[in-house]
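Given next are the chains, with one letter for each unit.
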Amino acid sequence: MTTEVSPFGQRTTTRLRPIRRRPRARLRPIGQPKTARRTRADAVWSVISMPWFAMVVLALLAFDLRAFRLGQSWDIFVDEITYLRLSENVGHHLSVTLYGVHFYLHPPAFFFLQGLYIRLMSPSGSVIEQVQSVRYVNAIVASLSAALLFYIGYRIDGRMSGLIAALMYSLDPFVIRVSSRNLLDPSAVMWVLVGYAILLSSDELKSDTIPWWRGAAAGVAFGLGLLTKDMIFFLTLVPLAVCFIRNWSISRPLAFLVSVVTAATYLPYLITVVVIGDWSLFVDQKSRGALRLAGAIQETGFNKPGNQTLLDAITAQLVTFATTYAILGLGLLAVGLLLLVGGHREKLVAVWTGSAYTLLAYSVVFGTLEEQFFYYLVVPSIASIAVASTMLYRETFIPQRYRRLCLSFGSFLVVLFVAWSGAIWLRVHTTQDNGYQHVMSYLNENVPRGTHISVTTDTAQFIMTGYVSGVWVTPEQLQDHHVEYVVVSTSAIDKGYSFVGQDMLTWLEGHAQLTYSFDGPTFGSLRVYRLSPGAASAGSTFQTYR
């Protein structure tokens, strides 16, 4: 406290406040151990920052997005039942047979993989419930594929590239749709990803000093992909041939080694066919498959006369697969960029993706084109986009003043992709799309076993357990087989995938009683009609298809 005298003789008293000093920072002497809390924080961060941790998290994300309501979100179709039966025969009898006949249209690797799952898990219940159970195999395959895409992107252009690739794969609606069903394609592409991940794990692809075992391991992975589906030839051996001829990306000895090991991995399959005396049957089925792929035989797909065209399918699913269409467009630009300015690693991904574009372009114009074939293009396109986008930002040919703008625009696209894909995922996985399961529940509860039922789609003819069913779709067949119920799908009729046309549906509406219907995204309105006595002889004139 101080006392002061003013110029006028007045005394004033001022109370002084104590000075508050900041405590000095205590420096930890060199060599003194960290605190326990600091040590734990450093340990946690060291784990989180490791690439394998991101791979595990992304794999779990991809699996969860597919496993949630896996049975209710996607209705079954005939290929899933076919592959289930083949895998059951492999799991129980080590025999790749379908209804007593050896099956060579597709190679056996996936059937052995799923056969192991069936052997371990023993799925039970109806055909539909068994299909829903084995779908988890592809959910696991998809989780591994997401992790592999992260690793490929990480090895080429860092953590951000891998994160973009894995998230696009995990969230894209089309990729989720294909990898949530019991199909061969996700497993085949997974082995391709394994092969490219092994190759890209090397620091110098063009070096002649790369260990031989690395090329051999990649060749085995490519061979397993080829043993899953023959179309993988265009994603493995064709890119290797291009790299060998152009001397791109990888050294010629390495390209030759990988190609030889890939072919050698497929060879035991051929030897087994010869040993069991099925070579002529093998050639017959493979020749028919090759003719279908080439387009000489059009039995399925968008190019079959009378089926839904590709343009109609794109238009009908424009909202659902908007991100997929964007990926296909941006992927083509990414391939061009990587070929122009990319290094050895970038060019390898570009050649792989370019081979997929060539395959799908031919299939669109001339060959058999099925929806799941686009999976072979979408996955490498995702890898190319992820690598090209990070490379585009980091390279010096973009002026510094524009990089912030590019980063903002890229961030906007990422947010838009996640929001759009998330909205589609929420819609799909909260909508009931297990129509045939509901139809079978209705029949089991209301229709006596042994009743004669006419089925009009490929899928329905394999699920009518306990009933006498068949493809009886003419008036004479309905009458001769004493058919009491008919099951039809409006969507299958509209797309040309049914054994009957719109005229039979119109006839049923006038001559039969609608007893049950279920509306779902896959099959439209699944309807159960009960025929009245003598309805089949009521002057019907509808025609049949296929």
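Residues numbered from 1 in each chain as written. Predicted model: local features only at pLDDT ≥ 70, side-chain atom pairs only at ≥ 80, totals over all residues. Heavy atoms only, no water.

Draft legend 1. Local environment of the overall build of the protein chain. A count of helical and extended segments in the protein chain gives 22 helices and nine strands. Looking at the 546 residues of the protein chain, the share that counts as buried comes to 50%. In the protein chain, the proportion of contacts linking residues at least 24 apart, taken out of those at least 6 apart, comes to 73%. If you sum the accessible surface of the protein chain, you get close to 27,000 Å²; carbon and sulfur atoms cover 63% of it. (Helix = DSSP H or I, 4+ residues; strand = E, 2+ residues; numbered from the N terminus. Buried < 20%, exposed > 50% of the residue type's maximum accessible area, 1.4 Å probe, protein only. Contact = heavy atoms within 4.5 Å. Areas by Shrake-Rupley, 256 points an atom, 1.4 Å probe, with all protein chains shown as cover.)

Draft legend 2. Fine view of helix H18 (residues 400–429). A rise of 1.5 Å per residue sets the reference length of H18, with its 30 residues, at 44 Å; its end C-alpha atoms lie 43 Å apart and thus fit the reference within 8%. Taken as a whole, H18 has its buried residues at Arg403, Phe417, Ser421, Ile424, Trp425, Val428 and His429. Looking at the buried positions of H18, the neighbouring elements they touch are helix H2 (51–67), helix H3 (70–73), helix H7 (159–171), helix H8 (173–179), helix H15 (322–341) and helix H17 (375–394). (Expected span 1.5 Å × (residues − 1).)

Draft legend 3. Representation of the packing of helix H6 (residues 127–157) against H7. The contact between H6 and H7 brings their axes to 6 Å, and the two run at 155°. Taken together, H6 and H7 sit at an angle that is classed as roughly antiparallel. Relative to H7, H6 is oriented so that their crossing is right-handed. Facing H6, whose interface residues are Ala142, Ser145, Ala146, Leu149, Phe150, Gly153, Tyr154 and Asp157, H7 presents Arg159, Ser161, Gly162, Leu163, Ala165, Ala166, Tyr169 and Ser170. Residue composition of the contact of H6 with H7, grouped by class: nine nonpolar, five polar and two charged. (Axes fitted to C-alpha atoms, helices over the stretch in contact; angles between N-to-C directions. Parallel < 35°, antiparallel > 145°, perpendicular 65-115°, else oblique. Left-handed = near helix turned anticlockwise from the far one by under 90°. Nonpolar A, V, L, I, M, F, W, Y, C, P; charged D, E, K, R; others polar.)

Draft legend 4. Region of the structure containing the pattern of salt bridges. According to the stated counting rule, one finds nine salt bridges in the structure shown. In this structure, lysine 286 engages aspartate 230 in a salt bridge whose closest nitrogen and oxygen atoms are separated by 2.4 Å. Here aspartate 230 lies in the loop between helix H10 (212–226) and helix H11 (233–246) and lysine 286 lies in helix H13 (residues 279–294), a separation of 56 residues in the sequence. Given a relative accessible area of 26%, aspartate 230 falls into the partly exposed group. Here the residues in one salt-bridge network are Arg288, Arg292, Glu299 and Glu370, joined through shared partners. (Salt bridge = Lys/Arg side-chain N within 4 Å of Asp/Glu carboxyl O.)

Draft legend 5. Representation of helix H5 (residues 109–121) in the model. Taking 1.5 Å per residue as the helical rise, H5 with its 13 residues ought to reach 18 Å, and the 19 Å between its terminal C-alpha atoms agrees with that figure. Those residues of H5 that sit buried are Ala109, Phe110, Phe111, Gln114, Gly115, Tyr117 and Ile118. Residues of H5 that are buried make contact with helix H4 (78–93), H6, helix H9 (185–200) and H10.

Draft legend 6. Spatial organisation of the sheet that holds strand E9 (residues 524–531). Sheet architecture is open: five strands sit in the order E6-E5-E7-E9-E8, paired in mixed fashion. This sheet does not close on itself; its edge strands, each paired only once, are strand E6 (468–470) and strand E8 (512–520). Adjacent strand axes in the sheet meet at a mean angle of 20° when their direction is disregarded. In the sheet, strand E5 (residues 452–455) pairs with E6 via three bridges, with the strands oriented parallel. Residue serine 454 lies in a different strand from E6, and its bridge partner there is glycine 470. Across the sheet, helix H22 (residues 502–511) lies against strand E7 (485–489), E8 and E9, angled at about 50° from E9, the strand it touches most. (Pairing = 2+ DSSP bridges.)

Draft legend 7. The arrangement of the packing of aromatic side chains in detail. With the rule as written, the count across this model stands at 18 aromatic pairs. Between tryptophan 279 and phenylalanine 282 the ring centres are 5.3 Å apart and the planes differ by 20°, which places this aromatic pair in the stacked class. Of this pair, tryptophan 279 and phenylalanine 282 are both found in helix H13, three residues apart, which corresponds to roughly one turn of the helix. Look at phenylalanine 282 and you get buried, because its relative accessible area is 6%. Members of the aromatic cluster, joined through ring pairs, are Tyr104, Tyr266, Tyr269, Trp279 and Phe282. One cation-aromatic arrangement involves arginine 252 over phenylalanine 244; the distance from NZ or CZ to the ring centre is 5.6 Å. (Phe/Tyr/Trp six-rings, centres within 6.5 Å; stacked < 30°, edge-to-face > 60°. Lys NZ or Arg CZ within 6 Å of the ring centre and 35° of its normal.)

Draft legend 8. Representation of the pairing of E7 in the model. Most of E7 sits out of view: five of its five residues are buried. Covered by surrounding structure in E7 are Tyr485, Val487 and Ser489 together with Val486 and Val488, the residues of both alternating faces. Relative to E7, E5 runs parallel, the two being bridged by three bridges. For valine 455, the partnering residue across the bridge sits in E7 and is valine 487. As defined by bridge partners, E7 adjoins E9 across five bridges and the pair is classed as antiparallel. Opposite serine 489, over in E9, you have leucine 526 as the bridge partner.

Draft legend 9. Just the environment of glycine 501, in detail. Residue position: glycine 501 is located in the loop between helix H21 (490–495) and H22. Judged by relative accessible area, which is 5%, glycine 501 ranks as buried. A C-alpha to C-alpha distance of 9.3 Å links glycine 501 and threonine 490, two positions 11 residues apart in sequence.

Draft legend 10. Summary view of the side chain of threonine 228. Tracing the chain through its elements places threonine 228 in the loop between H10 and H11. Within the local environment of threonine 228, its side chain forms a polar contact with the backbone oxygen of leucine 224, the two atoms lying 2.8 Å apart. In contact with threonine 228, not counting residues within four places along its chain, are Pro107, Ala109, Phe110, Leu184, Ser187, Ala188 and Trp191. (Polar contact = N/O pair within 3.5 Å; in protein donor to acceptor, adjacent residues only side chain to side chain.)

Draft legend 11. Quick peek at a nonpolar patch on the surface. On the surface, Ile314, Leu318, Val319, Phe409, Phe412, Leu413, Leu416 and Trp420 cluster together to form a nonpolar patch covering roughly 740 Å² of accessible area. Top element by residues in the nonpolar patch is H18. It accounts for five residues. Inspection of the secondary structure assignment puts phenylalanine 412 in helix H18. (Patch = residues over 30% accessible without salt bridge, like charges linked within 9 Å, V, L, I, M, F, W, Y side chains within 5 Å.)

Draft legend 12. How the structure looks around unusual backbone geometry. At arginine 69, a residue that is not glycine, the phi angle is positive and equals roughly 50°. Locating arginine 69 in the fold gives a position in the loop between H2 and H3. Judged by relative accessible area, arginine 69 falls into the partly exposed class, the value being 27%. Within the chain, leucine 94 stands out as a residue other than glycine whose phi angle is a positive 55°. Considering the arrangement of structural elements, one finds leucine 94 in the loop between H4 and strand E3 (97–98).

Draft legend 13. Main features of the side chain of serine 133. The residue serine 133 is located in helix H6 in this model. Among the residues examined, serine 133 registers a relative accessible area of 18% and is labelled buried.

Draft legend 14. A look at the pairing of E9. Within E9, six of the eight residues are buried, which leaves it mostly tucked inside the rest of the structure. As defined by bridge partners, E8 adjoins E9 across eight bridges and the pair is classed as antiparallel. Looking at the pairing, alanine 512 lines up with leucine 531 of E9.

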